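Residue-level structural notes
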Amino acid sequence: MAEENRKFKLIQLPIVARQKLMKMMDNVDLFELSLCSIRMARYVRALRIEAERHNITLTKGQSSVSVHFRKQPGAICERYRNGPLSLNEYYCDYANIEAGTAAVSKHFQYLFNGPLNIVICPSILRNLDEMFSEPELQKCQTMEICGSEATSKALRSIFRNMRIEKKLVVRPRTNQDYVIEQVWWKSKSTG
Amino acid sequence: MSVENAPVVDVDEAAIPVEKKMYYRFESNDKKEFRVSELAIQQSETLNRLVEAMGYTSEDVENKPAIAIENIDGKTLKLVFQWCEHHKGEAIPVDDGSVPKIVEIPEFDAKLMDIDNGLLFKLIWAADYLNIVQLLNVSCKKVANMAQGKTPAQLRRVYLLPSDEEDEAAKRAAQEAQDPRAREVEEEFEERKRQGGNSFF
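It should be emphasised that the depicted structure is a prediction, and the values quoted were computed from it without experimental measurement.

Notes on the overall build of chain A
Across its full length, chain A holds 8 helices and 7 strands. The long-range share in chain A, meaning contacts at least 24 apart out of those at least 6 apart in sequence, stands at 56%. For chain A, the accessible surface area stands at approximately 10000 Å², while carbon and sulfur atoms represent 48% of it.

Here it is, written out as structure tokens:
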């Protein structure tokens, strides 16, 4: 068989056929496809596949970014620490874990629209400013802050531009008084 | 009236006029001719509407030239009509734009689509053009399955996906083809800049 005939020219299909074909792929395969080029990421986004939720978990025991779907069981998950991986989980290694988390979550959110839930332990993170400077991470559905004492600097980095839609849980004490202004903003706006 | 009480009438079967099966003739862009039954044609919304609009009788079919399908070659059209004949009379899924996530590929379809990817591409293209919903579903599912478990590097090879650099180069070439003077102006501008002039004029 000629080399040319072994390949399938996906991007040359008419748009209706191409979108139908791509919608028949598993979401994890669409994610892989999106890593092939900017154009393919755009094509995957154009399918308008809704995610049930995006999760970011950066705690002492777990560092992961994941996206969950209603229609397909399981999730696509990127983890930052070694250990046994299950199906549809990837291991990735970023020197700057906060920048890596932001990059991965941005890509997931670009592909699959859906609400974001964040669980973080600020005392183990060093680059919160960098992470929460990304617009995609400045709006979430729920946020939980856990771990040991959180400095007011860390809290300022997190809450400077943050908008939380449903629930905020702050477990650790702070070393100084820190006013989470966005909560006041939220309270005012909802009366 | 119950079935038991229904009147029984003896029928002389030989006296009933047997309706002749209607066939249509189609010609591919490489001049290959196909005879396809009316029932099989119903699988294609495009062809079905076409023959309805033409209103051909059996005599017209024989006397007039075959209906030309300009965009599809004989090899592809043969597969399309084989599929339509095999599935004639089956319910046609409503094309409401939704995409079934679960598509079973019947054994016949799997054998029919055991072809090289170049021909499979043409088959999907033809199914889309002729609006054969179920053929498009099964052929798309076959190609979607080719992605399972593949890495981006493997996907690039399987689906012949251009890299960002290749996309960028193609975009530039398309722009230049649209406006051949653009490159000359750009080169002239660069040359003037090298000579120290800031202004183009």
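Considerations on the domain arrangement of chain B
When its domains are assigned, chain B resolves into domain 1 (19–152) and domain 2 (163–192). The centre of domain 1 of chain B, based on its C-alpha atoms, is set 41 Å off from the matching centre of domain 2 of chain B.

A short note on the pattern of salt bridges
If charged atoms from side chains of opposite charge come close, those side chains can pair. Evaluation of the coordinates by the stated rule reveals 14 salt bridges over all chains. Measuring nitrogen to oxygen at the nearest pair gives 2.6 Å for the salt bridge that ties aspartate 167 of chain B to arginine 39 of chain A. One end of the pair, aspartate 167 of chain B, is in helix α9 (residues 164–178); the other, arginine 39 of chain A, is in helix α4 (residues 38–46), on a second chain. On the accessibility criterion, aspartate 167 of chain B (16% relative accessible area) is buried. Notably, a salt bridge pairs glutamate 45 of chain B with arginine 49 of chain B, separated by 3.0 Å at the nearest N-O pair.

Some words on the sheet that holds strand β3 (residues 67–68) of chain B
Residues and elements named next belong to chain B. In space, the 3 strands of this open sheet follow the order β2-β1-β3, with mixed pairing throughout. The sheet is open, and its two borders are formed by β2 (33–37) and β3, each paired with just one other strand. Pairing of strand β1 (residues 23–27) with β3 involves 2 bridges; the strand directions are parallel. By the bridge assignment for β3, phenylalanine 26 is matched with isoleucine 67. Against the sheet, helix α4 (residues 74–86) touches β1 and β2, its axis set at about 15° to β2.

A word on the packing of aromatic side chains
All names here are of chain A. Applying the stated rule across the entire model yields 7 aromatic pairs over all chains. What links up through ring pairs into an aromatic cluster is the set Phe31, Tyr90 and Phe108. Above the ring of tyrosine 43, the side-chain terminus of arginine 18 is found at 3.6 Å from the ring centroid.

A closer look at the domain arrangement of chain A
All names here are of chain A. Looking at chain A, the domain boundaries give domain 1 (8–49) and domain 2 (50–190). Computed from C-alpha atoms alone, the centre-to-centre distance between domain 1 and domain 2 is 28 Å. Facing the 14 residues of domain 1 at the interface are 14 residues of domain 2. For the pair domain 1 and domain 2, the two sides together bury roughly 1200 Å², of which 59% comes from carbon and sulfur. Elements with a minimum of two residues in the side of domain 1 that touches domain 2: α3 (27–34) and α4. Broken down by class, the residue content of the side of domain 1 that touches domain 2 amounts to 7 nonpolar, 2 polar and 5 charged.

The rules behind each value
All residue numbers here refer to positions counted from 1 along the written sequence of the relevant chain. As they are written, the chains are lettered A onward and the ligands numbered 1 onward, keeping that order. Local features in this predicted model are restricted to residues whose pLDDT is 70 or higher, and side-chain atom pairs enter the listing and the counts only when it is 80 or higher, whereas totals over whole chains, interfaces and linings include all residues. Water and hydrogen atoms were dropped before computing side-chain values, which therefore reflect all heavy atoms in the structure. Per the convention used, a helix needs a DSSP run of H or I reaching at least four residues, while a strand needs a run of E reaching at least two, with both numbered from the N terminus. Contact criterion: two residues are considered in contact whenever any of their non-hydrogen atoms come within 4.5 Å of each other. Here the open area of atoms and residues is found with the Shrake-Rupley method and a 1.4 Å probe, where only the protein chains shown may cover a residue. Each domain's extent was defined by an automatic or database domain assignment. We define a salt bridge as a contact between a side-chain nitrogen of Lys or Arg and a carboxyl oxygen of Asp or Glu at a distance within 4 Å. For every residue, the accessible area (1.4 Å probe, protein chains only) is compared with the maximum for its type, and the residue is labelled buried under 20%, exposed over 50%, or partly exposed between those bounds. A pair of strands is labelled paired if DSSP reports no fewer than 2 bridges between them. To get an axis, fit a line to the C-alpha atoms, keeping to the stretch in contact for a helix; angles then go from 0 to 180 degrees between the N-to-C directions. When two rings of Phe, Tyr or Trp (its six-membered ring) have centres within 6.5 Å they constitute a pair, described as stacked for plane angles under 30 degrees, edge-to-face for angles over 60, and tilted for the intermediate range. Over a ring means this: the NZ of a Lys or the CZ of an Arg is within 6 Å of the ring centre and within 35 degrees of the ring normal. When two parts are brought into contact, each loses some accessible area as probed by a 1.4 Å sphere; the total of that loss over both is the buried area. As a working rule, the residues Ala, Val, Leu, Ile, Met, Phe, Trp, Tyr, Cys and Pro are called nonpolar, Asp, Glu, Lys and Arg charged, and the rest polar, with Gly in that last group.

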